[in-house]
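# Chains, contacts and geometry: an overview
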Amino acid sequence: MPVQQRLRRQAAQNVDDDDMGQPHPQSPGEVDSDGDEQMAEVGPRDETTQLIKNLVRYALSCEYSRAPIRRDGIKEKVLGSNGREFKRVFAGAQKQLRATFGMEMVELPTKDRNLMTAEQKRKAAKSQTQKEPTSNTYVLVSVLPEAYTTPAIITPSKVQSAEGEAAYVALYTMIIAIITLSGGELSEPRLRRHLTRLNVSENMPSLNPNDETSPSEKTEMVLQRMVRQGYLVKLTDSRSGGDEDQTTWHVGPRGKVEVDKEVIAAFVRTIYGGSDDELENRLQVSLKIRDRKPGVPDMVEEVAEEEAAPNGDPGPSNRRRGRRRQTEAYDEESD
Amino acid sequence: MGDEWEPPLPAGYSDVNRAFLQAFMARGTLTFREGQRLLAAIQSASEGGSHIDPASITMDEFQNFIRTARDAVEPLDFDIRNTRDQIRGGERVWAFINAHSDPATQLSTTHTPEEVAYVKRLLDAMFEQYNTPRMEVMAVDEGQALRVSRPAARRESNMNGNDNDDEEHQEDGAAAAATGRGLKHSEVLSLLSSLVAEGWLDKSLNGFYSLTPRSLMELWSWLVATYNESDADADDDWQRIKFCEACKEIVTYGQRCNEPNCTIRLHDICEDGFWRTRPERKCPKCSTPWEGNHYVGERAVTSRSGFQRGRGRRARRTEAAEAEENGADEE
């Protein structure tokens, strides 16, 4: 029923507006009532500080529901008429996020050229000028030293339920690790085989396993959510007409940032119950990470940057590398 | 300016504080015991992995961390408040909250507009329908929660619907969509369960849903503004939201004066300290003897003889669950 849908969308917008609009309109009055001396110098500084505050709050509220932080969203909901201030406000908000929360906004990588259809590639080539393509979309990640990111300190957040969040994080981390270690691409049947081994081929825990009416959710629904939130990309070759052999799974932009190679390496070490030279060697070869003792926090950023850079060489070399990695993954499995 | 701008930070703010803040935000609330475990883990991480006994973390240390975190987030319109849990023995709870908060801003990021609208109806049920001068339940059982799953029917849409059925139907649909289409019962049960898991609602052993300390802190000003009459005479008139005579916090679970028209309320957890400072166990306002057997909260229902008679098998089951719970606590 189109009318209902439209109204519902309108209602959603209203709530949205309420949400972000609330701190916004009261900005001038609020600052004034805080103290007299501020009233005297309502200059550009105060205004910028206010915008920075709103951007920080916007970023946190987006992350709460795993919605990406979009440049357009920032312009619309934070900057309003101050659209020209983007750079300065963004830089300030980054500073504030790092200094106060130990978090920062990381730009998501643009769509992988390997994952485009020929048609899309042609279009991209045409529209692409000299400029590097940017996604203008960000996610919030923690920049705390690794020592602090233990389960005893950082627990799964209570959005919906801590148990459901934990299960969801575990599942997408597992799937992303499998995809990456299989060369960045996994065919539909192989994904299904892995899911069967994990005993989640039909159902996965829902976001709230305490819920007696729906403790679990169809695997299809959870995978869809992972795609929607950018953890996974599902690609069906249009020529195959929906043949499931032609469907492949890839790591999505958010997946690349949140579950980077270091995370995958740490995950594998945990699964293997520790680490030895052989495992480290294999990880280095499979993930192309540099030699590194586990638990020493360095080069995390570098890896993220490398990931974020648009993939320069598509084509055969990449695929060959992928196949080599695939066999390694098999080796590991057969061990 | 611009590049040289530095965010205001409390002195000595470091990664230890940032880790504390991230951990606090993920949990939403902290009790002192949870705080001890968390700070022990953080200190251990900052000192390279040596084991630190949570019991060695003092209340002063914990409160220092809370204060620093509060100073750091206050400029961003977040706040950290604390209150005592009215139900569970008065344990103090600290919550990370949004300084401008109403149910819509709190829930709109993860819940649909229909769900947010439902929560508003649920709060109305708690604080209007089931919170009358005679019965201040301020909680709803499952059946009552399901009864508000849809918005109250709009009468107007039927008034001018004299044409054919089809058109009337459409109009009804449009009106329903305008107020939110409501939720199916199964959706309500799922939502209630997730609100419990998220720490917004408490579900008691008798099956009553009420607001948690976290919700009360988060929604404090919104609740007062929404449900209390601002122009009423503060002392004499009955107000929907009332405050404890001893600690001045909201009472949704506690005792009331035996005189039905008197507005004095008291938390169970504040009772001992309160009477110790008084010569007699009498209401401080109307001097009616305070017997402590008139209740605010679910006991307004459960203490009545009708409810007790009807308990039957459920009571035994509840007691078994209670015993089990206590057993688990002692572990």
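These remarks concern the structure in this document. (Residues numbered from 1 in each chain as written. Chains lettered and ligands numbered in written order. Predicted model: local features only at pLDDT ≥ 70, side-chain atom pairs only at ≥ 80, totals over all residues. Heavy atoms only, no water.)

### A word on the nonpolar core
- Core analysis: the biggest nonpolar cluster contains 53 residues, and Leu55(A), Ile74(A), Phe101(A), Met105(A), Ile153(A), Phe20(B) and Ile42(B) have the highest contact counts within it.
- Broken down by element, the residue count for this core peaks at eight residues, all from helix 4 (residues 44-64) of chain A.
- Contacts of Met105(A), omitting those with residues within four sequence positions, involve Leu55(A), Ala59(A), Ile69(A), Phe90(A), Ala93(A), Gln94(A), Leu97(A), Tyr138(A), Val139(A) and Leu140(A).
- Ranked by size, the runner-up nonpolar core spans 52 residues in total, among them Val116(B), Leu192(B), Trp275(B) and Cys283(B). (Core = buried A, V, L, I, M, F, W, Y, C linked by side-chain atoms within 4.5 Å. Buried < 20%, exposed > 50% of the residue type's maximum accessible area, 1.4 Å probe, protein only. Helix = DSSP H or I, 4+ residues; strand = E, 2+ residues; numbered from the N terminus. Contact = heavy atoms within 4.5 Å.)

### Here we look at the sheet that holds strand 8 (residues 265-266) of chain B
Residues and elements named next belong to chain B.
- Taken in spatial order, the three strands line up as 8-7-9 in an open sheet, and their pairing is antiparallel. Of all the strands in the sheet, just strand 8 and strand 9 (295-296) have a single pairing partner and so form its edges.
- Relative to strand 9, strand 7 (residues 254-256) runs antiparallel, the two being bridged by two bridges. In the sheet register, glutamine 255 faces strand 9, and the bridge partner there is tyrosine 295. (Pairing = 2+ DSSP bridges.)

### A short note on the packing of aromatic side chains
- Per the stated rule, a full pass over the model turns up 17 aromatic pairs over all chains.
- Arranged with centres 3.7 Å apart and planes meeting at 20°, the rings of Tyr172(A) and Tyr231(A) form a pair that is stacked. Pair noted here: Tyr172(A) is in helix 8 (residues 162-181) and Tyr231(A) is in the loop between helix 10 (219-228) and strand 7 (232-236), with a separation of 59 residues, a long-range link.
- The buried category is assigned to Tyr172(A), whose relative accessible area is 4%.
- Using a relative accessible area of 0% as the deciding quantity, one classes Tyr231(A) as buried.
- Through pairs of rings, three or more aromatic residues link up here, namely Phe20(B), Phe24(B), Phe32(B), Phe62(B), Phe65(B), Phe78(B), Trp94(B) and Phe96(B).
- Seen from the ring of Phe86(A), Arg71(A) lies directly overhead, with NZ or CZ sitting 3.8 Å from the centre.
- The aromatic ring of Tyr168(A) is capped on one face by Arg225(A), whose charged end is 5.5 Å from the ring centroid. (Phe/Tyr/Trp six-rings, centres within 6.5 Å; stacked < 30°, edge-to-face > 60°. Lys NZ or Arg CZ within 6 Å of the ring centre and 35° of its normal.)

Shape descriptors only; they carry no functional weight alone.
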